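Observations on chain architecture
Okay, here's what each chain looks like letter by letter:
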Amino acid sequence: MQDRIQLLNVAVDIASTGMASEATIDYLKTEGSRVVYFLNSETLLTLGEDDALRETVESCNLVLPGTASVNQSINDVLGHRRDAFFVESYFDALFDYVVETGLEVLVVAQTKERLQSIEEHINAKHEFITLSGICLQQQDESTSHIVNEINSVAPDVLLVALEEKTQLELLEKYRRQINASLMVFTGTILYNRVVSEAQVPEKIQRLRIDNLYKWYRKDGRIRSFFSNIRMKMKIKKHKNEQES
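Because the structure is a prediction, the values reported are computed rather than measured.

Looking now at helix 7 (residues 143-153). Every buried residue of helix 7 is accounted for by Thr143, Ile146, Val147 and Ile150. Axial view of helix 7: buried residues confined to an arc of 100 degrees, hence all on one face. Among the exposed residues of helix 7, those pointing more than 90 degrees away from its buried face are Asn148 and Ser152. In this structure, the buried residues of helix 7 make contact with strand 5 (104-109), strand 6 (130-135), strand 7 (157-161) and helix 8 (164-174).

Spelled out as structure tokens, the structure:
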């Protein structure tokens, strides 16, 4: 699938939820290793300043919007609202297929707490899924060691839920060495999805600050806020330059 648009000089797929999930499931039906990368505004800004990393990400089979801000920015650049893409529905379709076919999923997360939260969240919706995990903090903090741990499992689906810098390094240096049929680089998407859907404590509910509480708990909330602003300003500037 190569129906892409340039977003801050990065080629991003404009596929709908159905098209993206169907393509991903097709990857699991064929031989070879495939890669899906979910972008946020911070990553887009980083790739715009690093040609080598940009080319690495663009070489992935699917480059998809991982946040509402990036998703909306694609529509802004297109100049119209495309067929909708929903991250949650994409993963639901992927996990449903994984359960149906008995495939094995391995999650790599930054901390033990995040790994546990992600695993519990996936299991709650897909209770028969075969799921295991690796916590970066339990290792020696090197990406090469992560690769050895992954290859000892050789999962059908690898979910990489690490900080952007770490997972970009993992992709750039070790993509060809990782033994997994499908690699999905999610960044903070999975953990923040856990936070968004989690039950808010009763005392917080009484204060009527549920949304503020969830925003505070999300990973990289301040960094993402300013990255979103920078991304939108750059896109607007580029659009104005093209029109003039």
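Packing of helix 7 against helix 8 brings their axes to within 10 Å, and their N-to-C directions diverge by 70 degrees. Taken together, the axes of helix 7 and helix 8 are roughly perpendicular relative to one another. Here Thr143, Ser144 and Val147 of helix 7 come into contact with helix 8, specifically with Thr166, Glu169, Leu170 and Tyr174. A class-by-class count of the residues in the contact of helix 7 with helix 8 yields 3 nonpolar, 3 polar and 1 charged.

A separate point is empty space enclosed by the protein. Taken as a whole, this structure holds 3 cavities of 30 Å³ or more when the rule is applied. Considering only enclosed or pocket space, the largest cavity measures out at about 60 Å³ in volume.

The rules behind these values
Residues numbered from 1 in each chain as written. Predicted model: local features only at pLDDT ≥ 70, side-chain atom pairs only at ≥ 80, totals over all residues. Heavy atoms only, no water. Buried < 20%, exposed > 50% of the residue type's maximum accessible area, 1.4 Å probe, protein only. Helix = DSSP H or I, 4+ residues; strand = E, 2+ residues; numbered from the N terminus. Arc of directions from axis to C-beta. Contact = heavy atoms within 4.5 Å. Axes fitted to C-alpha atoms, helices over the stretch in contact; angles between N-to-C directions. Parallel < 35°, antiparallel > 145°, perpendicular 65-115°, else oblique. Nonpolar A, V, L, I, M, F, W, Y, C, P; charged D, E, K, R; others polar. 1 Å grid on protein atoms, 1.4 Å probe; cavity = no way out; pocket = protein on both sides within 12 Å on 5 of 7 lines; lining within 4 Å. Points joined across faces, edges and corners; volume = space filled by probe spheres on them.

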